[in-house]
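Residue-level listing of the chains:
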Amino acid sequence: MEQERESLEFDIIFVGAGPANLTSAIHLQHLIKRHNAQSANLLEPTIAVIDKGRYAGAHLLSGALLDPKALDEFFPDYREQGCPIEATVTNESLWFLQSKRKFPLPFIPEKFSNKNSLIVSLSRLGTWMAEKAEEEGIQLFDNTAAAVPFIENGRLSGIITDDKGLDKNGYKKGGYEPGLLLKSKVTVIGEGSDGSLTRQLGKHFPTHAPAQRYESGVKETWQIPEGRVIAGEVHHTFGFPFEADVYGGGWFYALSPTLVSIGCISSLGPDAPLCDPHLNLQRFKLHPLMANTLKFGQMVEAGARTITSGGLDTMLPLFGPGYLLTGESAGVVNMQRHKGIHLAMKSGIIAAETLFEALLHNDFSTERLKSCEERFRNSWAYDELYAARNYRKAFDNGLYPGLIQAGLQLSFPGLSTKKTQRSLPGFSPLPNRGLKKNKGAAASIPEFRSDGIRTFSKERSLFNSGVMHEENQPCHLRIKTEDVAEICLKKCATEFGNPCQHFCPAAVYEIITDPVPALRLNPSNCLHCKTCEVADPYGVITWTVPEGGGGPGYKVS
Ligand SMILES: Cc1cc2nc3c(=O)[nH]c(=O)nc-3n(C[C@H](O)[C@H](O)[C@H](O)COP(=O)(O)OP(=O)(O)OC[C@H]3O[C@@H](n4cnc5c(N)ncnc54)[C@H](O)[C@@H]3O)c2cc1C
Ligand code: SF4
């Protein structure tokens, strides 16, 4: 029987309070205010933004170097308005690392340069942007996850939020509240990388975009003694701790003379069947370049998140019946620059302009929403993504062929020796990543002992991620019982040695043998990074939203 639930109506609902959607909501209000100041035909739409974090910014994690191009466009007085910019890039280096040695590149090519970029904490920026959105009259609902799309007459007509107060077996506890039905004329989906609502929408409205590809980023923020770095110092690395046939890289940014961001991006592709993004960062910190800087410092925050890396080839259409996609929900990331925030913001600006036109004409048809595609094609964001479209692909055959091709792309943007990816139904999971079967290698992974000073176990890192969930709720990581029995404990154990135990940075997956072999899940540890859904070789894991408010509690990530 259909569950009875309270229903609320809005003109526009934004799902996700990341940089893409917050930009969009703020810009839309600016456009409406400008219009209302000059016209008798007043627009007064109801606009809401929802986010599954327990406060705005709680789930936002990034490097982060911000190209201010889009911010300048929609919020030119952002500095005067108190935008939390930590530093402006003062100097930068690009290093090739071997385990004990470092080799600086003599110059930084223009395409990789971060001149004029700003160093920010994305969670702080998100908190500030959410405050600005509320000042503009937008209703913000944190602690609220979009669980299920509400489809009516062949279009997305809103969303159903998470049920609150179910126990781990799905029975109602005291204080049970069914999820709300939030109806809208247009829903703007900005869930970031591998959104659960975005995946569900793909089943209702399939596209023919090639399947997306992803990397996994693990990051720590450290307080260090003064005198080692200057605010605005930026380092990028390639080589160690990654083997030459595996894609990956590291970064180190100085937010202030005493606060630094350090992290690694690790491949989740076929080149890295046994990827352990957490371990990669721990090993990276032992390199002398990092170790000397971090000495006597203290890790203050840790976290993880996937990043989409397929670029223009794998982008989803920015519109559909009743909805628009923004930011990483559509896949707008430039992997050549390892940057997505400015593109997410630009996609938000484009969505806002499309919504403004729709409101003006009181026309929310798919045909009207489609105009966002033309806006995007005519934007600098498209040009930037077009020039970088083949960058990530260049590394599919390893570091050295990749470097040669990436070097050639500086003179011949977009040059590639590989064909554009074949077309698969969009949003499809990657049931077979073409991984090299590697059970033997899994058994031979050397045990890494963290020292608790510079390197940490997954459990210890979690302590600094602010993660928390209501313990007694249905498990949000769904694996069918028959898949656990036939795939996890038999096929995957034999072919891969259960890589979930390695790739999850939060130690959520454990294979136990006593009293009988079983998969034990610790969903309360989950950082919502989405690595498992992407890296699972058989595509049997489905990540669904837990009760809103659960997940990490980032403050400086
Ligand atoms: C490790 C790492 C380092 C990076 N470094 C940089 C960098 O230095 N510079 C740069 O420009 N880019 C960087 N990026 C990329 C950049 O962070 C992203 O491209 C950008 O944040 C995308 O913005 P977004 O708004 O699309 O999504 P996100 O920033 O991911 O925000 C999505 C929001 O939606 C919410 N949400 C998701 N699903 C739901 C749901 N179902 N219901 C309710 N709320 C939901 C989340 O809680 C979150 O608040 C990095 C990414 C990673 C992972
Ligand atoms: S279980 Fe959670 S923390 Fe672990 S990989 Fe999946 S999404 Fe990330």
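Residues numbered from 1 in each chain as written. Chains lettered and ligands numbered in written order. Predicted model: local features only at pLDDT ≥ 70, side-chain atom pairs only at ≥ 80, totals over all residues.

## A few points about the domain arrangement of the chain
By a widely used convention, the size of an interface equals the accessible area lost when the partners come together. For the chain, the assigned domains are domain 1 (7–65 + 126–211 + 312–387), domain 2 (85–121 + 212–310) and domain 3 (439–543). Just the C-alpha atoms count here: the centres of domain 1 and domain 3 sit 30 Å apart. Taken together, the contact pairs 8 residues of domain 1 with 9 residues of domain 3. Taken together, the residues that form the side of domain 1 that touches domain 3 break down as 1 nonpolar, 4 polar and 3 charged. (Domains from an automatic or database assignment. Contact = placed C-beta atoms within 7 Å. Nonpolar A, V, L, I, M, F, W, Y, C, P; charged D, E, K, R; others polar.)

## Quick look at the sheet that holds strand β4 (residues 85–88)
The 3 strands lie next to each other as β3-β7-β4, forming an open sheet whose pairing is antiparallel. Sheet topology places β3 (65–66) and β4 at the edges, where each strand pairs with a single neighbour. Across 3 bridges, the pairing between β4 and strand β7 (residues 118–120) is antiparallel. Across the sheet, the residue bridging to Thr88 is Leu118, located in β7. (Pairing = 2+ DSSP bridges. Helix = DSSP H or I, 4+ residues; strand = E, 2+ residues; numbered from the N terminus.)

## Brief notes about the site of ligand 1
Contacts to ligand 1 come from 42 residues, most closely from Gly18, Gly192, Gly217, Gly327 and Gly340. Within the shell around ligand 1, the residues separate by chemical class into 18 nonpolar, 17 polar and 7 charged. A domain split of the shell around ligand 1 shows at least three residues from each of domain 1 (7–65 + 126–211 + 312–387) and domain 2 (85–121 + 212–310). (Near = placed C-beta within 6 Å.)

## Description of the site of ligand 2
Near ligand 2 there are 13 residues, and of these Cys504, Val508, Cys526, Cys529 and Cys532 occur at the shortest range. Classifying every residue of the shell around ligand 2 gives 10 nonpolar, 2 polar and 1 charged.

## Describing unusual backbone geometry
Cis peptide bonds are those with omega within 30 degrees of zero, and the linkage from Phe240 to Pro241 qualifies with 5°. With omega at 5°, the peptide bond leading from Asp514 into Pro515 counts as cis. Following the sequence through the fold, Pro515 ends up in the loop between β22 (509–512) and β23 (518–521). The residue His338 is not glycine, and still its phi comes out positive at about 50°. Among the structural elements, His338 can be located in the loop between α7 (327–330) and α8 (341–360). Judged by C-beta crowding, with 22 C-beta atoms within 10 Å, His338 ranks as buried. Phi at Asn362 takes a positive value of approximately 45°, unusual for a residue other than glycine. (Buried ≥ 20, exposed ≤ 12 C-beta atoms within 10 Å, placed from the backbone.)

## A look at the nonpolar core
The biggest cluster of nonpolar side chains holds 139 residues, and the ones touching the most others in it are Val15, Ala25, Ala133, Tyr253, Val260, Leu324 and Leu355. Among the elements that take part in this core, α8 stands out by supplying 12 residues, more than any other. If we ignore the near neighbours within four places in the chain, the residues touching Leu355 are Ile12, Leu28 and Val186. (Core = buried A, V, L, I, M, F, W, Y, C linked by C-beta atoms within 7 Å.)

## Thoughts on the confidence of the model for the chain
Considering every residue of the chain, the mean pLDDT works out to 92; 93% of them sit at 70 or more. This model gives residues 420–432 a pLDDT under 50, and the stretch forms 27 contacts once residues within four places in sequence are excluded. (pLDDT = per-residue confidence, 0-100.)

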